Amino acid sequence: MQFSERWLRSLVNPPLGTDDLVHLLTMSGLEVETCVPVAPPFSGVVIGHVVEVAKHPGADRLSLCRVEAGTGAALSIVCGAPNVVAGMKVPCALVGARLPGAEPDKPFEIKRAKVRGVESEGMLCSERELGLSEDHSGLLALAADAPVGRDFRDYYALDDKLITIKLTPNRADCLSLLGVAREVAALTRAKLDPPAATPVPAVIDATIPVSISDPLGCGRFTGRVIRGVDAQAPTPGWMRQRLERAGQRSISALVDVTNYVMLELGRPLHVYDLDKLRGGIDVRFGRKGEQLTLLNEQMVEVDHTVLCITDDSGPIGLAGVMGGESTKADSATRDVFLESAFFFPDAIAGRTRRYNFSSDAAYRFERGVDFDNNVAGIERATRLILDICGGQPGPVVDTMERLPERNPVMMRVARAHKVIGVAVPADEIADIFHRLGLAFAREGTGANEIFVVTPPSFRFDIEIEEDLIEEVARVHGFERIPAHPPVAPAVMRSEPERQRSLHAVRHQLASSGYQEVINYSFTDAAWEADFAGNPNPIRLLNPIASQLAVMRSTLIGSLVANVAYNLNRKLSRVRVFEIGRTFARDPDVQDGNLDVAGVRQGIRIGAMAYGPAFEEQWGESARAVDFFDIKGDLEALLEPRRARFQPATHPALHPGRAARVVLEGESIGWVGELHPRWQQKYELPAAPVLFELDAAPLMQRPLPEYTEVSKFPPVIRDVALVVPESAPVQALLDEFEHVRSAAVREIRLFDIYRGKGVGLGQKSLAFRVVMQDTAKTLTDAEADAAVARLTEILVSKYGAKLRA
């Protein structure tokens, strides 16, 4: 909400400077985002009257002007503006004037100078030269009645400030100058001087029949016919100035009046060309197949969920959002119908997002508009239209079907004292409610006293006791509430050794070269189908975008998007990980403090690697990252626990390069290479490798156990066995575990060979066996016997042969 300070002070003028006023608003809950001058500082600029314009004798594009500026004698000024004409009033910078320069601390001083041999005694100014805008197409033309010689800053009210308030969604009552003025009056006890909404008597009997077919969407519709208006009448300078300083562009007098009343009273209005209406007006929800073209020239299709303003021809506007092109008032309009309606927020909310545009009216209606100022808005707009455009008004027709109920809200004084932390006297609370315009009754006495408050029509945010307590606290003054540190027993809590935090997991992944990303929990339905094989994801009722319409059950889609985003920006090596919540249907989940029935909300850890395995360097040959690289990162993340990797298929992964991760007999996730189909669909030059795991198992870790360290040297034996190609390495290692002796400390695979010397359908596996005893040095015979026991089981079970 943006407005000028002068406009606000015309309604309420507290004895506070600008800085104090801004601070007061912020501390009362209306956060002032910016407060900036309307124009940069300059001096020596007055209103000049161009008396005569002649051609410059030495330049075709320059003019020699004689200007009266209240200095006694007319000034001779050389001007290059294309729009300079005799008789116009313009800003005139006198000799010695200081105008805004290229840098704030270096103003541009106007001096007497010769321009192409002709002396110039000042400068006629455009908006850009005065710092008002970037427009330098010509001189700033002023009204014909502008007083010659008057200081331009004073005439144009340039010592004003633009205040921008960052409102929370519940304070729709402050989306108007009257709403902000009410707040200032309540906070400072200054007199409130609201805009006059004196009833304008009807001169003619013309009316239009109005009906409300759907009172669930529209509760009240007020209208008035005005005949004989001059739609081409210029908008007064004072109104145009206030609109521009509120961020509104001046369009035409009729439209400007409706925008002005909306900003002033918070009452959105709409003006129709009476001659373009077909029959009476009906407010109803749309019907399938109906279409209309809006004022922004966008054609939209409506249905039973979209509230419409209609006549006999069908929809002529989206109720509370935007009018239609077919009935708009233009420069040829002579007779108008003025609309002031109340639409329920639920009937308007979300409609602008659906059609991918926004409007000031919808912004207000979806938050709640005062349903008691329909007639006041009509009367205020009528008076302004008559004063500017003339015309003959008809009677006000006010149709009411259903208005919001204003249920009384109870506030216990004792409860307010406890929540605020300060014993605000009951009489002060009563005074606060009175200043805020809240009707109330007092019941009980002392500690049992209760206030029963009936919220006014313009306050949709007062519904529960805490809302009233907040009003008391902010008007009493947050700065007056002492800050007491909490008093609580300090308890030292031990950190469980069997569990590590997600923060520790983040640190470990980051130390492995991965960058953390944070993505939306909302995702594309196509990602769910592709990467999770999930045809029925959890859908959002009101998604913020069509591509974010479902809740994710996997992190893979988001990580693929992150990789693609970085590749499109010429990064060839990408390592990303995410720790986030996923959402899947699960009928076994019951409602709880942190659970929703039927939805499993597990935290998962996903990581993806793409490009070279290492940064380019002289000591390592370049190669692409592969399955075993990311499998190694995963094993390091699980240390000291050992996971098993079982070949399996996953919708997102390559059928032959994917494995299920099993930890202590339970499946905890997947590791593998992205499926070629998705690599091609998502336009990745190569397939990334990835893993995704449940977070809970990674947070568990066993306690350290004591193991005696042998002081005797280890004995190492390398064994190469030829086994069938179908024999999985993990199965062979499992067999070793069954028969290994206490002296065998480690068995690991260090080489796989296929080729010359190894038969077709076979592979050679080389294992390193490390043996060490804690009581003695092992002899060669003991070591050879231990290795023999290990090989015998593979020979008998898998037909393994020792490779020569």
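For the structure, see preceding data.
The structure displayed is predicted, hence computed values, not measured ones.

Cut-off values and rules
- Residues numbered from 1 in each chain as written.
- Predicted model: local features only at pLDDT ≥ 70, side-chain atom pairs only at ≥ 80, totals over all residues.
- Heavy atoms only, no water.
- Core = buried A, V, L, I, M, F, W, Y, C linked by side-chain atoms within 4.5 Å.
- Buried < 20%, exposed > 50% of the residue type's maximum accessible area, 1.4 Å probe, protein only.
- Helix = DSSP H or I, 4+ residues; strand = E, 2+ residues; numbered from the N terminus.
- Contact = heavy atoms within 4.5 Å.
- Phe/Tyr/Trp six-rings, centres within 6.5 Å; stacked < 30°, edge-to-face > 60°.
- Lys NZ or Arg CZ within 6 Å of the ring centre and 35° of its normal.
- Pairing = 2+ DSSP bridges.
- 1 Å grid on protein atoms, 1.4 Å probe; cavity = no way out; pocket = protein on both sides within 12 Å on 5 of 7 lines; lining within 4 Å.
- Points joined across faces, edges and corners; volume = space filled by probe spheres on them.
- Nonpolar A, V, L, I, M, F, W, Y, C, P; charged D, E, K, R; others polar.
- Axes fitted to C-alpha atoms, helices over the stretch in contact; angles between N-to-C directions.

1. Concerning the nonpolar core
By size, the foremost hydrophobic cluster in this structure holds 52 residues, and its most contacted members are L8, I165 and L254. Elements supplying a minimum of two residues to this core: α1 (5-9), α2 (18-27), β11 (161-166), α4 (177-188), α5 (237-245), α6 (253-265), β21 (336-343) and α10 (374-389). Top contributing element to this core by residue count: α6, with eight residues. Residue contacts for L8: discarding those within four places in its chain leaves F3, L21, L177, V180, A181 and V184.

2. Side note on the packing of aromatic side chains
Evaluation of the coordinates by the stated rule reveals 19 aromatic pairs. With centroids separated by 5.1 Å and ring planes inclined at 90°, the aromatic side chains of F736 and F767 adopt a geometry described as edge-to-face. Remark: F767 occurs in strand β40 (residues 762-771) and F736 occurs in helix α20 (residues 729-739); sequence separation between them is 31 residues. Taking the relative accessible area as the measure of exposure, F736 reaches 4% and is therefore buried. What links up through ring pairs into an aromatic cluster is the set F42, F152, Y155 and Y156. When the ring centre of F344 is taken as origin, the NZ or CZ atom of R402, which lies over that ring, is 4.2 Å away. Its guanidinium or amino end placed over the ring of W678, R677 lies 5.1 Å from that ring's centre, counting from NZ or CZ.

3. As for the pairing of strand β14 (residues 270-273)
In β14, alternate side chains face the same way, and those of H270 and Y272 on one face and V271 and D273 on the other are all buried. When β14 meets β21, the two strands line up antiparallel, connected through four bridges. The residue bridging Y272 from the neighbouring strand is F337, located in β21.

4. A few points about the layout of surface pockets
For the largest pocket, the calculated volume is near 1700 Å³. Here the lining of the largest pocket takes seven residues from α20, the largest share from any one element. The residue makeup of the lining of the largest pocket, split by class, is 17 nonpolar, five polar and 16 charged. As for the second largest pocket, its lining consists of 33 residues, of which V255, H270, L295, M322 and G323 are closest to the centre. Contributions of two or more residues to the lining of the second largest pocket are made by α6, β14, β19 (314-318), β20 (322-323), β21 and α9 (360-365). For the lining of the second largest pocket, the element with the most residues is α6, which contributes four residues. Tallied by class, residues from the lining of the second largest pocket come to 18 nonpolar, eleven polar and four charged.

5. Some words on the sheet that holds strand β24 (residues 409-412)
The three strands lie next to each other as β24-β26-β25, forming an open sheet whose pairing is antiparallel. One side of each edge strand has no neighbouring strand; the edge strands of this open sheet are β24 and β25 (439-443). Sheet twist, expressed as the mean angle between neighbouring strand axes with direction ignored, is 25°. Relative to strand β26 (residues 450-454), β25 runs antiparallel, the two being bridged by five bridges. Bridged to E443 within β26 is I450. The strands touched by helix α12 (residues 426-435) within the sheet are β24, β25 and β26, with β25 carrying the most contacts at an inclination of about 160°. The sheet contacts of helix α13 (residues 465-476) involve β24 and β26, and relative to β24 the element is tilted by about 60°.

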